[in-house]
Amino acid sequence: MVPTSKRPRQPVVAVTGAASGLGRELLAKLVSSQDFRRVVAIDEERGDIKEATWRVIDVRDPLLANRISDIDVLVHLAGDYAVDANPGERRAYNLRAAQTVLTASAAARVRRVVLVTSAMVYGAAPDNDVPLAEDGPVAAEPDTGVVGDYLEIEALVRRSLRSHPGLELTVLRPAAVVGPGVDTVITRHFESPRLLTVKGCEPRWQFCHIDDLVSALELAAKGAISGVVAVGSDGWLEQDKVEELSGIRRFELPAGLTFGTAQRLHRLGITPAPATDLHYVVYPWVVDCVGLRAAGWKPAWTNEAALAQVLELRENRTTVVGRRLPVKEATLTAAGATVAVIGTAAIVHQVRKKRRA
């Protein structure tokens, strides 16, 4: 009698940060997939997707290993990347969460862990190749912003690869993420009255819609991709095209004035992000998604369509150098005037008018 081959056991997949944001979007996708035996949702509170098995726990809790002992694949999406978050508290949360997840996964013999950082780790620079190679060097400057968090998390991943060689790790590095609910330095850039540029350099724009990031995460959870993988729409948009599509004109300044002033404003607590974050709106950091293409993945969103949605979601907000300004607030301090110099001629005019009065 010839033995029949058994179908491989479908894996159990878990998602951290599953109650909201990107975690919830991925959870909704996975519960309808036929590729997983069970889908486990991990968060500090129970979410609204009933098809998942919910386990309420803080991912920083050392007892996490006990709660994932039956998990084959874990997608870690619990994190705090709010633009206005306290930098020290945000980094402490993100690093503790990633470290606990990696250590607990190794202890619980989880087969595969998937994490998301950002293509920002490649760095944004005036002489960057367009596009950057997916396996290119990590050249971003460590700082107090979210880019610094991503660099630290990737350092944890590299240490885990050495400490736990049996643990398969996949890191997705998306281009500028956009979509409903996404609030970043990049999306706020398009809430400005003018698009900041620096003399002598043309930005190139590449986006990653949250829908495309979710589909890439699903592939990673299935094991179709591994290692370090870039995610983004095909190609890029030149600055002239962005201005044409958005109807927002550029505001060009020398690089030294732009970054020097922005750093002083950040030290004063007026702007939420360090000056190095401005590199990502004035210098190119386009990536080539070789790994995903080889796996048969195609983005559903073009850069043009992604930008159109960013513009639709602005909701009449006014933002300058990452800081949202109250619409009805007419009084500007001297520091506020400096913010205006960088970002918008309209506010500069308002300041001058007040001084004359």
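Along every chain, residues carry numbers that run from 1 in the direction the sequence is written. Confidence filtering applies because this is a predicted model: local features only for residues at pLDDT of at least 70, side-chain atom pairs given and counted only at 80 or more, and all residues used for totals across whole chains, interfaces and linings. To get the side-chain values, take all heavy atoms of the structure and skip hydrogens and water.

K.L.:
How do you make sense of the overall build of the chain when you look at a structure like this?
P.N.:
Looking only at helices and strands, one finds 13 helices and 15 strands in the chain. Scored against the burial criterion, the 357 residues of the chain give a buried share of 54%. Of all intrachain contacts in the chain linking residues separated by at least 6 positions in sequence, the fraction that spans at least 24 positions is 76%. The helix count covers DSSP runs of H or I at least four residues long, the strand count covers runs of E at least two residues long, and both are numbered beginning at the N terminus. Only protein chains enter the accessibility calculation, which uses a 1.4 Å probe; a residue is then buried when its area is under 20% of its type maximum, exposed when over 50%, and partly exposed in between. In what follows, a contact means two residues having at least one pair of non-hydrogen atoms within 4.5 Å.

K.L.:
I would appreciate a short explanation of the packing of aromatic side chains in the present structure.
P.N.:
Describing an aromatic ring pair means giving the distance of the ring centres and the angle of the ring planes. Aromatic rings from Phe, Tyr and Trp, with only the six-membered ring used for Trp, were paired whenever their centres fell within 6.5 Å, and each pair was classed as stacked if the ring planes differed by under 30 degrees, edge-to-face if by over 60, and tilted otherwise. Summed over all chains, the structure comprises five aromatic pairs. Ring centres 5.0 Å apart and planes at 20° place the aromatic pair Tyr-81 and Tyr-150 in the stacked group. On the criterion of sequence distance, the pair formed by Tyr-81 in the loop between strand S4 (73-76) and helix H3 (87-107) and Tyr-150 in helix H4 (residues 146-163) is long-range, its members being 69 residues apart. Taken together, the ring pairs in this structure connect Phe-190, Trp-205 and Phe-207 into an aromatic cluster. Any Lys NZ or Arg CZ found within 6 Å of a ring centre and within 35 degrees of that ring's normal is scored as a charge over the ring. The ring of Tyr-122 is capped by Arg-173, whose NZ or CZ atom sits 4.8 Å from the centre of that ring.

K.L.:
Sorry, what's going on with helix H1 (residues 21-30) here?
P.N.:
The α-helix advances 3.6 residues per turn, and as a result positions three or four apart in sequence lie on the same side. Listed as buried for H1 are Leu-22, Gly-23, Leu-26, Leu-27 and Leu-30. Buried residues along H1 cover an arc of 135° about the axis, so they all sit on one side. If you follow the buried residues of H1, they end up packed against strand S1 (12-16), strand S2 (38-43), strand S3 (53-56), S4 and helix H6 (210-222). Note that the arc is defined by the directions from the helix axis to the C-beta atoms.

K.L.:
So what exactly am I meant to see when it comes to the packing of H3 against H4 here?
P.N.:
Geometry of a packed helix pair, given as the angle between the helix axes and the separation of the axes. It is at 10 Å that the axes of H3 and H4 come closest, and there the two elements cross at 20°. Viewed along their axes, H3 and H4 adopt a mutual orientation that is roughly parallel. At the point where H3 passes H4, the crossing takes the right-handed sense. Contact with H3, carried on its side by Arg-90, Arg-91, Asn-94, Leu-95, Ala-98, Gln-99 and Leu-102, involves Val-146, Gly-148, Asp-149, Glu-152, Ile-153, Leu-156, Val-157 and Ser-160 of H4 and no other residues of that element. Of the residues assigned to the contact of H3 with H4, the class counts are seven nonpolar, four polar and four charged. Helix axes are fitted to C-alpha atoms over the stretch in contact, other axes to C-alpha atoms as well, and angles between N-to-C directions run from 0 to 180 degrees. Angle categories are assigned with fixed cut-offs, so that under 35 degrees is roughly parallel, over 145 is roughly antiparallel, 65 to 115 is roughly perpendicular, and the rest are oblique. Note: crossing handedness is left-handed where the near helix turns anticlockwise from the far helix by less than a right angle, and right-handed where it turns clockwise. For this classification, Asp, Glu, Lys and Arg are treated as charged, while Ala, Val, Leu, Ile, Met, Phe, Trp, Tyr, Cys and Pro are nonpolar and the rest, including Gly, are polar.

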